[in-house]
Structures are given as C-alpha cells and as structure tokens.
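Summary of structural features
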Amino acid sequence: MQAQGQAATDLDTFDKSEKMMEIRSFLRISANEGNSSSVISFENLGNSREAIFIITLLRNHGYTVNYGKKDDGVIIVKW
C-alpha cells in the first residue's frame, strides 16, 4: 500500500533525516562486514512514530524487517 497525501510527504521528509541516515549507515557497515542481517533495538529507533517510519521506509527500500521475540524489543533487518 502506497502512502498518499501528508503521510507520503512525512515519509519522504523522514527518509532524508539524520535518524534515517544513521540507520542506513549502520546497515551499510553491517553489510560490508559480511552480515546478512542486523538487529536494531527499539531504543535506537526513537519514539513510536519514528520507529513506524523507519520500519516502513526500510520495507519500501527492499529490506525484510521482522520483529524479535515477544520481549526482546528489537527488529531484525535482512537484505
């Protein structure tokens, strides 16, 4: 489902944010180290809105994003 209206604008803006650049940099370093996935804690994703945006954008950019076990508080990003 494609975002439309204000949601699309907000996602596009967030996609260029410093927070998203940090996440991409982390994933790029991990991939360069030979990893096929990375684990990111919810603490590193920011507030709930930022976490939703990050997960949505990663999926839109072709990453597979899964949630850890119930109380792990992490996402697992695969490329």
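You'll find the structure just up there.
It should be emphasised that the depicted structure is a prediction, and the values quoted were computed from it without experimental measurement.

**A word on the overall build of the chain**
The number of helices and strands found in the chain is 3 helices and 3 strands. Seen in sequence order, the chain has helices and strands lined up from the N terminus as α-α-β-α-β-β. Scaling as 2.2 N^0.38, a compact globule of 79 residues should have a C-alpha radius of gyration of about 12 Å, and the chain matches this with 13 Å. When its C-alpha atoms are laid out on the principal axes, the chain stretches across 35 × 30 × 25 Å. Contacts in the chain between residues far apart in sequence, at least 24 positions, make up 58% of those at least 6 positions apart. If you sum the accessible surface of the chain, you get close to 5500 Å²; carbon and sulfur atoms cover 49% of it.

**Notes on the pattern of salt bridges**
By the definition in use, this model includes 3 salt bridges. We note a salt bridge from Arg-49 to Asp-10, for which the minimum N-O separation is 3.1 Å. Of the two residues, Arg-49 sits in helix α3 (residues 48-60) while Asp-10 sits in helix α1 (residues 5-15), which places them 39 residues apart along the sequence. One salt bridge in this structure joins Lys-16 and Asp-12, with 3.2 Å as the shortest N-O distance. Using a relative accessible area of 58% as the deciding quantity, one classes Lys-16 as exposed.

Reading guide: rules and limits
- Residues numbered from 1 in each chain as written.
- Predicted model: local features only at pLDDT ≥ 70, side-chain atom pairs only at ≥ 80, totals over all residues.
- Heavy atoms only, no water.
- Helix = DSSP H or I, 4+ residues; strand = E, 2+ residues; numbered from the N terminus.
- Rg over C-alpha atoms; globule rule 2.2 N^0.38 Å.
- Contact = heavy atoms within 4.5 Å.
- Areas by Shrake-Rupley, 256 points an atom, 1.4 Å probe, with all protein chains shown as cover.
- Salt bridge = Lys/Arg side-chain N within 4 Å of Asp/Glu carboxyl O.
- Buried < 20%, exposed > 50% of the residue type's maximum accessible area, 1.4 Å probe, protein only.

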